[in-house]
Amino acid sequence: MRDVPKYNPEFHPILPAMFLDAMNISKSVFYAYANADILFDNSLVTTLSSLRTALGNHKNILITGQRKNWNIPLGHKGVLHSLKQVTNISNRIPWYFSTLAMDYFITMPGGFPWSEQCDMAIGLPRYDNALLNYGLLNQQIVIDATKGIVALHQTGKDGNYASHQTENPDYNDICGKIDYMLGSMECITMKVTADYHLESRVRNCRDKIKDCDEGYRGCLKKLRMVYNITKPADI
């Protein structure tokens, strides 16, 4: 257990500082952050092992994915005793939560420029959208691991939007007022399949946005430039 290296004024941990601290004290192939109420099964290790092989020498990657919500039954403490229980509960839930909410991020050492990030704080809205948007526009190989990694959210009485009810929920606007939709899972063109392979897909963010202004058209142009470089054939 290690103390959080940096907080915002309301004592929410600063994500880039945590990644940099972890990389300073340990050596690993992958570094990851996940919200504390997310449970994983062994698909996490299986998928990362597959990606390590598929990506070869590429390190400029950002892996994320959607979760499923487990509404903890009344009187249940939310404690599970095996990875198999996590798998079984997840399999019984037919739908994923919003494409605008990401609860984990995984990178490789020397790949994602954490030192260049603003002081985005976890537990508050839009840090995840800002991070994903940065990856999409800055030469990162962004991968949607939703179908490859089981991520089960323990949903208690505070529901699924607790971060919006905290003190100073707009704190992450210090990173710039990111439109939620510009940091949406819908914008990711590479995904992990259910059998742990990596494939490309055509995703058009424009279909998900009602107001398509000049800024967004600029986003699409940059996205095309990025994926001309990081298309699967180059990996």
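Refer to the structure printed above.
Below is a short write-up of the structure. Per chain, residue numbering runs from 1 following the sequence as it is written. Two thresholds apply to this predicted model, a pLDDT of at least 70 for residue-level local features and 80 or more for giving and counting side-chain atom pairs, whereas whole-chain, interface and lining totals are computed over all residues. Hydrogen atoms and water are omitted, and side-chain values are computed over all heavy atoms in the structure.

Here the focus is the overall build of the chain. Only DSSP runs of H or I with at least four residues qualify as helices, and only runs of E with at least two residues qualify as strands; both kinds are numbered from the N terminus onward. Of the regular secondary structure elements, the chain holds five helices and nine strands. Counted from the first residue to the last, the chain has its helices and strands arranged as α-β-β-α-β-β-α-β-α-β-β-β-β-α. When checking whether two residues touch, look at their non-hydrogen atoms; a contact exists if any pair is within 4.5 Å. Counting only contacts in the chain whose residues sit at least 6 apart along the sequence, the fraction spanning at least 24 positions is 78%. Of the accessible surface of the chain, which amounts to about 12,500 Å², a share of 52% is contributed by carbon and sulfur atoms. Each accessible area value is a Shrake-Rupley result obtained with a 1.4 Å probe; residue values ignore everything except the protein chains displayed when judging cover.

Before going further, it helps to examine the environment of Tyr-127. Locating Tyr-127 in the fold gives a position in helix α4 (residues 127-137). For the pair Tyr-127 and Tyr-171, spaced 44 residues apart in the sequence, the C-alpha separation amounts to 9.3 Å. When near neighbours in sequence (up to four residues on either side) are disregarded, Tyr-127 contacts Leu-15, Tyr-33, Asn-35, Met-102, Phe-105, Met-120, Ala-121, Ile-122 and Asn-172.

On to the sheet that holds strand β4 (residues 68-71), then. Pairing between strands requires that DSSP locate at least two bridges from one strand to the other. With respect to topology, three strands assemble into an open sheet ordered β2-β7-β4, the strand pairing being mixed. Taken across any chain shown, the strands that pair with only one partner, and hence form the sheet edges, are β2 (38-40) and β4. Within the sheet, the average angular offset between the axes of one strand and its neighbour, ignoring direction, is 35°. With three bridges joining them, β2 and strand β7 (residues 151-155) adopt antiparallel strand pairing. In the sheet register, Phe-40 faces β7, and the bridge partner there is Ala-151. Angles shown run from 0 to 180 degrees and are taken between the N-to-C directions of axes, each axis being a line fitted to C-alpha atoms and, for helices, limited to the stretch in contact.

Another aspect to go through is the nonpolar core. In this text, buried Ala, Val, Leu, Ile, Met, Phe, Trp, Tyr and Cys residues form a nonpolar core when linked through side-chain atoms within 4.5 Å. Relative accessibility thresholds used throughout: buried, under 20% of the residue-type maximum; exposed, over 50%; partly exposed, between the two (1.4 Å probe, protein chains only). Ranked by internal contacts, the top residues of the largest apolar core, which has 21 residues, are Leu-15, Phe-19, Trp-114, Tyr-127 and Leu-131. Sorting the residues of this core by element identifies α1 (15-25), β1 (31-34) and α4 as the ones contributing at least two each. Per-element tally for this core: the top contributor is α4, with five residues. In terms of nonpolar packing, the next biggest core, distinct from the first, is built from 18 residues, Leu-55, Ile-63, Ile-141 and Ile-149 among them.

So, on to the state of the cysteines. In this description, a disulfide is simply a cysteine sulfur pair whose atoms lie within 2.5 Å. One pass over the full model with this rule turns up one disulfide. Disulfide pairing is shown between Cys-118 and Cys-175; the S-S distance is 1.8 Å. Here Cys-118 and Cys-175 share a disulfide; its torsion about the S-S bond, 75°, makes the bridge right-handed. Here Cys-175 lies in the loop between β7 and β8 (190-192) and Cys-118 lies in the loop between β5 (104-107) and α4, a separation of 57 residues in the sequence. Overall, the relative accessible area of 24% leaves Cys-118 in the partly exposed class.

Now for helix α3 (residues 83-92). Those residues of α3 that fall on the buried side of the exposure criterion are Val-86, Thr-87, Ile-89 and Ser-90. Structurally, α3 contributes buried residues whose contacts are with β2, β4 and β7.

Turning next to the packing of aromatic side chains. Aromatic rings in a pair are described by how distant their centres are and how their planes are angled relative to each other. Between rings of Phe, Tyr and Trp, where Trp is taken as its six-membered ring, a pair exists when centres lie within 6.5 Å; planes separated by under 30 degrees are stacked, by over 60 edge-to-face, and by other angles tilted. Counting across every chain of the model gives six aromatic pairs. Aromatic pair Phe-40 and Tyr-104: ring centres 5.6 Å apart, planes at 80°, arrangement edge-to-face. With a gap of 64 residues between them, Phe-40 in strand β2 and Tyr-104 in strand β5 connect regions that are remote in the sequence. Consider the rings of Phe-112 and Trp-114, whose centres lie 4.6 Å apart with planes at 50°: the pair is tilted. On the basis of relative accessible area, Phe-112 is assigned to the buried category, the value being 5%. Here Trp-114 falls in the buried class, since its relative accessible area comes to 2%. Cluster of aromatic residues (ring-pair linked, three or more members): Phe-19, Phe-112, Trp-114 and Tyr-134.

Taken in spatial order, the six strands line up as β1-β5-β3-β6-β8-β9 in an open sheet, and their pairing is mixed. Strands at the two margins of the open sheet, each flanked by one partner only, are β1 and β9 (198-200). When strand polarity is set aside, the average angle formed by the axes of neighbouring strands in this sheet is 25°. Here four bridges tie strand β3 (residues 61-64) to strand β6 (residues 141-144), and the two strands are oriented parallel to one another. Opposite Ile-61, over in β6, you have Ile-141 as the bridge partner.

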